[in-house]
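Remarks on the overall topology
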Amino acid sequence: MSDRTRTAAVDTAPPSPPSTSQHVDAGDEGYSKDLKSRHINMIAIGGAIGTGLFLGAGGRMAGAGPSLAIAYAVCGVFAFFVVRALGELVLYRPSSGAFVSYAREFMGEKGAFAAGWLYFLNWSTTAMADITAAALFAQFWSAFSDIPQGVLALAALAVVLAGNLISVKYFGEMEFWFAIIKVAALVVFMLISIYLVATQTPVDGHVPGFSTIADNDGIFPLGMLPMLLVIQGVVFAYASVELCGVAAGETENPAKILPKAINSIMWRVGIFYVGSVVLLALLLPYTAYSADQSPFVTVMDKIGIPGAASIMNLVVLTAALSSLNSGLYSTGRILRSMSLSGSAPKFTGLMNKGQVPYGGILLTAGFGALGVCLNFLVPKSAFEIVINVASIGILGTWAMIMICSLLFYRRSKEGLVERPSYKLPWAPYTQIVTLVFLATVVFLMWYGGGDGRKTVYCLPVIAAMLVGGWFVVRRRVNLIAAERAEKS
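Reading the values: rules and limits
Residues numbered from 1 in each chain as written. Predicted model: local features only at pLDDT ≥ 70, side-chain atom pairs only at ≥ 80, totals over all residues. Heavy atoms only, no water. Helix = DSSP H or I, 4+ residues; strand = E, 2+ residues; numbered from the N terminus. Rg over C-alpha atoms; globule rule 2.2 N^0.38 Å. Buried < 20%, exposed > 50% of the residue type's maximum accessible area, 1.4 Å probe, protein only. Contact = heavy atoms within 4.5 Å. Areas by Shrake-Rupley, 256 points an atom, 1.4 Å probe, with all protein chains shown as cover. Lys, Arg positive; Asp, Glu negative; His and termini not counted. Charge placed at Lys NZ, Arg CZ, Asp CG, Glu CD. Expected span 1.5 Å × (residues − 1). Core = buried A, V, L, I, M, F, W, Y, C linked by side-chain atoms within 4.5 Å. Arc of directions from axis to C-beta. Phe/Tyr/Trp six-rings, centres within 6.5 Å; stacked < 30°, edge-to-face > 60°. Lys NZ or Arg CZ within 6 Å of the ring centre and 35° of its normal. pLDDT = per-residue confidence, 0-100. Axes fitted to C-alpha atoms, helices over the stretch in contact; angles between N-to-C directions. Parallel < 35°, antiparallel > 145°, perpendicular 65-115°, else oblique. Salt bridge = Lys/Arg side-chain N within 4 Å of Asp/Glu carboxyl O. Patch = residues over 30% accessible without salt bridge, like charges linked within 9 Å, V, L, I, M, F, W, Y side chains within 5 Å.

A separate point is the overall build of the protein. Tallying secondary structure elements over the protein gives 22 helices and zero strands in all. For a compact globule of 488 residues, the expected C-alpha radius of gyration is about 23 Å, and the protein comes in at 22 Å, within 12% of that figure. With the C-alpha coordinates of the protein rotated into their principal frame, the extents come out at 75 × 45 × 40 Å. Going through the 488 residues of the protein one by one, you find that 60% of them count as buried. In the protein, the share of contacts with a sequence separation of at least 24, taken over all contacts with a separation of at least 6, comes to 81%. Only carbon and sulfur atoms are counted for the fraction: they give 67% of the accessible area of the protein, which is about 19000 Å². When the 33 positive and 27 negative side-chain charges of the protein are each reduced to one mean point, those points stand 6 Å apart.

The next thing to look at is helix α17 (residues 308-339). Taking 1.5 Å of rise per residue, 32 residues should cover 46 Å, and α17 covers 47 Å from first to last C-alpha, within 8% of that figure. Across the 32 residues of α17, 29 count as buried, placing the element largely inside the fold.

Grouped together as the largest cluster of nonpolar side chains are 157 residues, with contacts concentrated most on Leu53, Tyr72, Phe99, Trp117, Phe189, Tyr238 and Trp398. For this core, the leading source of residues is helix α6 (residues 98-138), giving 25 residues. Those residues in contact with phenylalanine 189 that lie beyond four places of it in its chain are Ser276, Leu280, Leu283, Phe296, Val299, Met300 and Met312.

Our focus in this paragraph is helix α21 (residues 450-457). Among all positions in α21, only Gly452, Thr455 and Val456 are buried. With its buried residues spanning 100° around the axis, α21 presents them on a single face. Residues of α21 that are exposed and point more than 90 degrees away from the buried face comprise Lys454 and Tyr457.

It is worth spelling out the packing of aromatic side chains at this point. The tally for this structure, following the rule as stated, stands at 21 aromatic pairs. Seen from their ring centres, tyrosine 72 and tyrosine 238 are 6.3 Å apart, and the 75° between their planes marks the pair as edge-to-face. Here tyrosine 72 is found in helix α5 (residues 68-92), whereas its partner tyrosine 238 is found in the loop between α12 (231-237) and α13 (243-247), with 166 residues between them in sequence. Neither residue differs from the other here; tyrosine 72 and tyrosine 238 are each classed as buried. Pairing phenylalanine 81 with tryptophan 426 gives two aromatic rings, centres 6.4 Å apart and planes at 85°, and the pair type is edge-to-face. Remark: tryptophan 426 occurs in the loop between α19 (382-413) and α20 (429-447) and phenylalanine 81 occurs in helix α5; sequence separation between them is 345 residues. Look at phenylalanine 81 and you get buried, because its relative accessible area is 13%. Through successive ring pairs, a cluster of aromatic residues spans Phe78, Phe80, Phe81, Trp426 and Phe437. Against the face of tyrosine 422 rests arginine 84, its NZ or CZ located 4.1 Å from the ring centre. Over the face of the ring belonging to tryptophan 446 we find arginine 453, whose NZ or CZ atom lies 4.5 Å from the ring centre.

Turning next to the environment of leucine 438. As for its position among the elements, leucine 438 is in helix α20. Considering only alpha carbons, one finds leucine 438 and isoleucine 394, 44 residues apart in sequence, at a separation of 9.7 Å. Here leucine 438 is in contact with Leu395, Trp398 and Ala399, once residues within four sequence places are set aside.

Our next topic: the confidence of the model for the protein. On average, the protein scores 84 in pLDDT, and the residues at 70 or more come to 91%. The lowest-confidence element of the protein is helix α1 (residues 3-12), averaging 38 in pLDDT; the highest-confidence one is α20, averaging 95. This stretch, residues 1-19, has a pLDDT under 50; its non-local contacts, to residues over four places away or in other chains, come to 26 contacts.

Looking now at unusual backbone geometry. Most of the time, phi is negative for any residue but glycine, and the peptide bond is trans. With an omega of 5°, the peptide bond running from alanine 427 to proline 428 counts as cis. Mapped onto the elements of the fold, proline 428 is located in the loop between α19 and α20. The phi angle at aspartate 204 is positive, at roughly 55°, despite the residue not being glycine. You can see aspartate 204 is positioned in the loop between α9 (168-199) and α10 (210-214). In this structure, aspartate 217 is a non-glycine residue whose phi angle is positive, near 70°. If you trace the backbone, aspartate 217 turns up in the loop between α10 and α11 (224-229). On the basis of relative accessibility, which here comes to 58%, the residue aspartate 217 falls in the exposed class.

Right, let's talk about the packing of helix α14 (residues 254-263) against helix α15 (residues 265-283) for a bit. Each packed pair of helices is defined by two parameters, the angle between the axes and the distance between the axes. At a minimum axis separation of 4 Å, α14 and α15 run at an interaxial angle of 30°. By the angle between their axes, α14 is roughly parallel relative to α15. For the pair α14 and α15, contact is made by Ala261, Ile262 and Asn263 and by Ile265, Met266, Trp267 and Arg268, respectively.

Under the criterion given, the structure shown has four salt bridges. Arginine 93 serves as the salt-bridge partner of glutamate 105, at 3.0 Å between the closest nitrogen and oxygen. Placement of glutamate 105 in helix α6 and of arginine 93 in the loop between α5 and α6 is noted, with a sequence separation of twelve residues between them. Both residues of the pair, glutamate 105 and arginine 93, belong to the buried class.

Before going further, it helps to examine a nonpolar patch on the surface. Together, Val151, Phe376, Leu377, Val378 and Ile385 give the surface a local cluster of nonpolar side chains, amounting to about 440 Å² of exposed area. Exposure remark for isoleucine 385: the relative accessible area of 31% places this residue in the partly exposed category.

Here it is, written out as structure tokens:
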């Protein structure tokens, strides 16, 4: 039954008793269920630790000082609300189309169209950011310092793309080990940092501790406004938290695995994001960090342990490749769900023998290749340009998830659906407050000027493209929906 037909039935028929969803998404068919508990748990961890922390924290620390830890904590709370809302929807009805499939059920095809293409905007630009970060990290070593940044970016894209096209099991294994490397590196970094702070061992002539913050104008050395203005970049750091919801569609037992994975995100945020940023502030003055180098590499370089900086740089390079790997995976599944409903080009719905939707993956990789051009043209500012655009896609995606969650909550109150036992707490206030926060972030992007304001000015263009795109595909979407209604 199509969404249009179902909506009409709801309007004319008496309320039915609570039940599980009868919505069927054609995009869920054809996948293998090869992701295990360890894959989902490490995908959730990997999604919460990415390029935004390993590279982006350097420039943000330089721009906001130690108050960056507060920004990470605030954004982390809302990121948890978003993924918790998605988790409730997943347990209601697991789907590889994730929030796009839920938007189709609760908002109709227009909502699914907007949600899917905003997500594609997010990950296609994030792919550009990831290959840019990978190129920057590679140039840390003298062997790659003379190679053009664009060439290194292209190499990173080619390697990850090849691995992603094999099978979901291969993707799960890559993410499993990528996540282990990232977590292990952060744990080692934090242990070393805690030791240096506890023993007052000088780092680059500075005695680590709270005096490092106090002697450099405190927590807000440049005022509170810079902390608020870096929030859109901090949001980018949490861009992958929704990935475990997409992966649930290729998991044998999501009801058992997903709640544990999602609930652990909160403490991961507290330890890995907030904790590591606090340690960075205690070890060196905020002025010692820059956007050109990972702050973790900066610290290891200043400590002077032979090879430590190179090892940490290898880790952060792994983080960039992991994020790129995740983006190709998730957009491939989202675009296939859209393709089979008529909202995306037909070729994005194609599957290979490994049950991988290669058409959607290739489309994302194609847009990611534009980042290669950006690395040739403006290598110094390529990363900041693309994360501002990616932030719009992230904010749009998170907003769609919370709107779907709000509509799901409303239908549950009407007795049309039954909420699972794993619920978003404090609904519907949680959804409303999160939507207000997301709107505030957009305002701060505009208020801060620069690339952020230019990005906000692009919103009417993005909206016009979505409206125009819908008018292009709506006939095909309605035709496919009618055909499915006849078969049901």
